[in-house]
Amino acid sequence: MMKIKFTQKFILLIASSLILFIATSFLAANGAGIGSKEFINKVLYGVILYLWATWMYLGKHKFYRFFMVFVLVVYTFGFISFLFVPSFTPSTITQIILSIIGILVNVIIISVVRNERSKVAND
């Protein structure tokens, strides 16, 4: 069995966080659909920031840890904002579940990045 490298696991976590954010944004659009300007803006900004942070992380560019944590904290607050719904329908319950999973994934990624930083700082 082939072992998955740390970097590949990290990219999978980042990709899952982005996919959860897109899915939750779609559910929060409430029938406005994929063509709505608000949904397109959320998805574009999310994709750009997640890709930029991942590129900086993979290239180990200056301030990559800070930027990755910043992006994840911003989108964690985005997931938190999806928790506040006016009514409970099957769609909004799914939105709440995806938001909670997204928050947990982002917290895991943040802890991984912060632990990596402490190892480097202690050397």
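Here we summarise the structure given alongside this text. As the structure is a computational prediction, the values presented were derived from the model and not from experiment.

**Section: the packing of helix α1 (residues 6-28) against helix α3 (residues 64-81)**
Their axes nearest at 11 Å, the elements α1 and α3 cross at an angle of 30°. Classified by the interaxial angle, the pair formed by α1 and α3 is roughly parallel. The chirality of how α1 crosses α3 is left-handed. Within the contact between the two elements, α1 uses F10, I14, S17, L20, F21 and T24 and α3 uses M68, L72, Y75 and F79.

**Details of a nonpolar patch on the surface**
On the surface, F63, F66, F70 and V74 cluster together into a nonpolar patch covering about 440 Å² of accessible area. Tracing the backbone shows F63 in the loop between α2 (37-59) and α3. Among the residues examined, F63 registers a relative accessible area of 58% and is labelled exposed.

**Some points on the packing of aromatic side chains**
Taken as a whole and assessed by the stated rule, the structure comprises 9 aromatic pairs. Relative to Y57, the ring of F10 has its centre 4.0 Å away and its plane inclined at 20°; by these criteria the two rings are stacked. Of the two residues, F10 is situated in helix α1 and Y57 in helix α2; the sequence distance between them amounts to 47 residues. Taken as a pair, F10 and Y57 share a single burial class, namely buried.

Thresholds, definitions, all that
Residues numbered from 1 in each chain as written. Predicted model: local features only at pLDDT ≥ 70, side-chain atom pairs only at ≥ 80, totals over all residues. Heavy atoms only, no water. Axes fitted to C-alpha atoms, helices over the stretch in contact; angles between N-to-C directions. Helix = DSSP H or I, 4+ residues; strand = E, 2+ residues; numbered from the N terminus. Parallel < 35°, antiparallel > 145°, perpendicular 65-115°, else oblique. Left-handed = near helix turned anticlockwise from the far one by under 90°. Contact = heavy atoms within 4.5 Å. Patch = residues over 30% accessible without salt bridge, like charges linked within 9 Å, V, L, I, M, F, W, Y side chains within 5 Å. Areas by Shrake-Rupley, 256 points an atom, 1.4 Å probe, with all protein chains shown as cover. Salt bridge = Lys/Arg side-chain N within 4 Å of Asp/Glu carboxyl O. Buried < 20%, exposed > 50% of the residue type's maximum accessible area, 1.4 Å probe, protein only. Phe/Tyr/Trp six-rings, centres within 6.5 Å; stacked < 30°, edge-to-face > 60°.

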